[in-house]
Amino acid sequence: MELLRALAAFAEEPGPSHVRLAALLDLPSAPDAAAHTDCFVFNLYPYASVHLGPEGKLGGEARDRVAGFFRALDAVPGPDPDHLAVLLTAYSHLREGAPDGPATRAADALLHEHLLSWLPLYLARVRALAAAPYPRWALLVERALRADAARRPAPADPPLHLRTASPRQPPPDASRDAFIAWLLAPVRSGMVLTGQDLRRAAGDLGLGVRMGERRFVLEALLDQDPAATLAWLADHTRTTVRAWQGWDDVVPAPAGWWAVTADTASSHLRSLAADADAVRARAAVGR
């Protein structure tokens, strides 16, 4: 379990110890502050609540649920109980307990409820987007947790975070703000949509990029070409399906849940894109 504690440290701000840890883990380099900030601060937030909460933001019921897990173990949760470094460190300590003892059963609950309910998708996005050494780091975390999950049978039902998630698509009368909020909440839209992704979308579609938060960038893309932007987003949901491929044999319930959520979002976005094209065509005829 020392491996997981070492890997957990890489989700924290880089320091002098990371040079030694990078060598021990056979990573290509130690992380620098710029790479860490770009990955964990600007694009891929290492918090369970961001990925499992209906708002797609820090805190809320998802964080409270993680904090409740720690309180059930008679531990006082810190200010960020759902941070990946905290979860991995706690998991490594619990896994050191006696086989089938209370600590090991708690480790199983932490693994399946609060880590593998979102982490395969997150790690896949780190591997795709982050600068070195984080893609290699993400692969090592994935391998370690996959090996543990293969040894510890997963529950038949999806984790509670997923069972209680909001509907998979916004209501037909949703406002524009509500629609964008849906897009930016992974547990609702089924996808992780970063600022880096949106800049790539603008390049792919030949659209201008508005600097600012993801919400503002999305609004600008939708204003310029709603049909093309919606179709691009529908294609982007495939990143979720690819991320969970290979996990369905060890955690079939969450893998299936995320695949269905992404497929539902994709169908909804394609329908909206077709409507946008039709509206634009009618407007052109009217001119």
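Nothing here was measured: the structure is a model prediction, and the numbers come from that model. Residue numbers restart at each chain and count upward from 1, following the sequence in its written direction. It should be noted that, the model being predicted, local features are given only for residues of pLDDT at least 70 and side-chain atom pairs only at 80 or more, the latter also being counted only at that level, while totals for whole chains, interfaces and linings use all residues. Hydrogens and water molecules were not included; the side-chain quantities draw on all heavy atoms of the structure.

## A word on the environment of Glu2
Move 1: With respect to the helices and strands, Glu2 occurs in helix H1 (residues 2–9).
Move 2: For the pair Glu2 and Val126, spaced 124 residues apart in the sequence, the C-alpha separation amounts to 22 Å. Runs of H or I in DSSP of at least four residues are treated as helices and runs of E of at least two as strands, each being numbered from the N terminus.

## Overview of unusual backbone geometry
Move 1: With an omega dihedral of 10°, the bond running from Ala132 to Pro133 counts as a cis peptide bond.
Move 2: By the secondary structure assignment, Pro133 is in the loop between helix H8 (119–129) and helix H9 (134–151).
Move 3: Phi at Asp74 is positive, roughly 60°, even though this residue is not glycine.
Move 4: Relative to the assigned elements, Asp74 resides in the loop between helix H5 (60–72) and helix H6 (84–94).

## Quick word on the side chain of Thr239
Move 1: Along the chain, the position of Thr239 falls in helix H16 (residues 238–244).
Move 2: On the basis of relative accessible area, Thr239 is assigned to the buried category, the value being 11%.
Move 3: Nitrogen and oxygen atoms within 3.5 Å of one another constitute a polar contact, given that in protein one can donate a hydrogen and the other can accept it, and given that sequence-neighbouring residues count only through two side-chain atoms. For Thr239, the side chain forms a polar contact with the main-chain oxygen of His236, separated by 2.7 Å. Exposure categories follow from relative accessible area, calculated using a 1.4 Å probe and restricted to protein chains: below 20% of the type maximum is buried, above 50% is exposed, and the middle band is partly exposed.

## So, the packing of aromatic side chains
Move 1: Classification of ring pairs rests on two measures: the distance between centres of Phe, Tyr or Trp rings, Trp counted by its six-membered ring, which must be within 6.5 Å, and the angle between planes, read as stacked under 30 degrees, edge-to-face over 60 and tilted in between. With the rule as written, the count across this model stands at 8 aromatic pairs.
Move 2: On the basis of an interplanar angle of 15° and a centroid distance of 6.4 Å, the ring pair of Trp244 and Trp258 is categorised as stacked. Pair noted here: Trp244 is in helix H16 and Trp258 is in helix H17 (residues 252–286), with a separation of 14 residues, a long-range link.
Move 3: Here the aromatic residues Phe40, Tyr134 and Trp137 are joined through ring pairs into a cluster of three or more.
Move 4: The positively charged end of Arg146 is found above the aromatic ring belonging to Trp247, 4.3 Å away from the centroid. We call a charge positioned above a ring when the Lys NZ or Arg CZ atom is no farther than 6 Å from the ring centre and deviates by at most 35 degrees from the ring normal.

## Observations regarding the pattern of salt bridges
Move 1: Throughout this description, the term salt bridge denotes a Lys or Arg side-chain nitrogen within 4 Å of a carboxyl oxygen of Asp or Glu. Taken as a whole, this structure holds 18 salt bridges when the rule is applied.
Move 2: Between Asp148 and Arg95 there is a salt bridge whose closest N-O contact spans 3.8 Å. Of the two residues, Asp148 sits in helix H9 while Arg95 sits in the loop between H6 and helix H7 (102–115), which places them 53 residues apart along the sequence.
Move 3: Using a relative accessible area of 4% as the deciding quantity, one classes Asp148 as buried.
Move 4: For Arg95, a relative accessible area of 13% puts it in the buried group.
Move 5: Arg151 is the partner of Asp148 in a salt bridge, and the nearest nitrogen-oxygen pair spans 2.3 Å.

## Some words on the packing of helix H14 (residues 214–224) against helix H15 (residues 226–236)
The relative placement of two packed helices is expressed as an angle between their axes plus a distance between the axes.
Move 1: In the contact formed by H14 and H15, the axes pass within 5 Å of each other and the chain directions differ by 125°. By the angle class used here, H14 and H15 are oblique. Residues Leu218, Leu221, Leu222, Asp223 and Gln224 of H14 touch H15, and the partners they reach there are Pro226, Thr229, Leu230 and Leu233.
Move 2: Ten residues, namely Ala, Val, Leu, Ile, Met, Phe, Trp, Tyr, Cys and Pro, are considered nonpolar, four, namely Asp, Glu, Lys and Arg, are considered charged, and the remaining ones, Gly among them, are considered polar. Classifying every residue of the contact of H14 with H15 by side-chain character gives 6 nonpolar, 2 polar and 1 charged. Every axis corresponds to a line fitted to the C-alpha atoms, with the helix fit spanning only the stretch in contact, and the corresponding angles, defined between N-to-C directions, vary from 0 to 180 degrees. Here is the rule for angles: anything less than 35 degrees is roughly parallel, anything more than 145 is roughly antiparallel, 65 through 115 is roughly perpendicular, and the remaining ranges are oblique. Two residues qualify as a contact provided that any one of their heavy atoms is within 4.5 Å of a heavy atom in the partner residue.

## Description of the environment of Asp82
Move 1: Mapped onto the elements of the fold, Asp82 is located in the loop between H5 and H6.
Move 2: It is 5.4 Å that separates the C-alpha atoms of Asp82 and Tyr47, two residues lying 35 residues apart in sequence.
Move 3: Within polar-contact distance, the side chain of Asp82 engages the side chain of Arg63 at 2.7 Å.

## As for H6
One full turn of an α-helix is made of 3.6 residues, so residues set three or four places apart face in the same direction.
Move 1: With 8 of 11 residues buried, H6 is to be regarded as a mostly interior element.
Move 2: Every buried residue of H6 is listed here: Leu84, Ala85, Leu87, Leu88, Ala90, Tyr91, Ser92 and Leu94.

## Topic: helix H2 (residues 17–24)
Move 1: Of all the positions in H2, only His18, Leu21 and Ala22 are classed as buried. Seen along its axis, H2 keeps its buried residues to an arc of 105°; they face one direction. Exposed positions of H2 whose direction lies more than 90 degrees from the buried face are Val19, Arg20, Ala23 and Leu24.
Move 2: Looking at the buried positions of H2, the neighbouring elements they touch are H1.
Move 3: In the segment just after H2, Asp26 is the residue with positive phi, at about 60°. Our arc is simply the arc of the directions from the helix axis toward the C-beta atoms.

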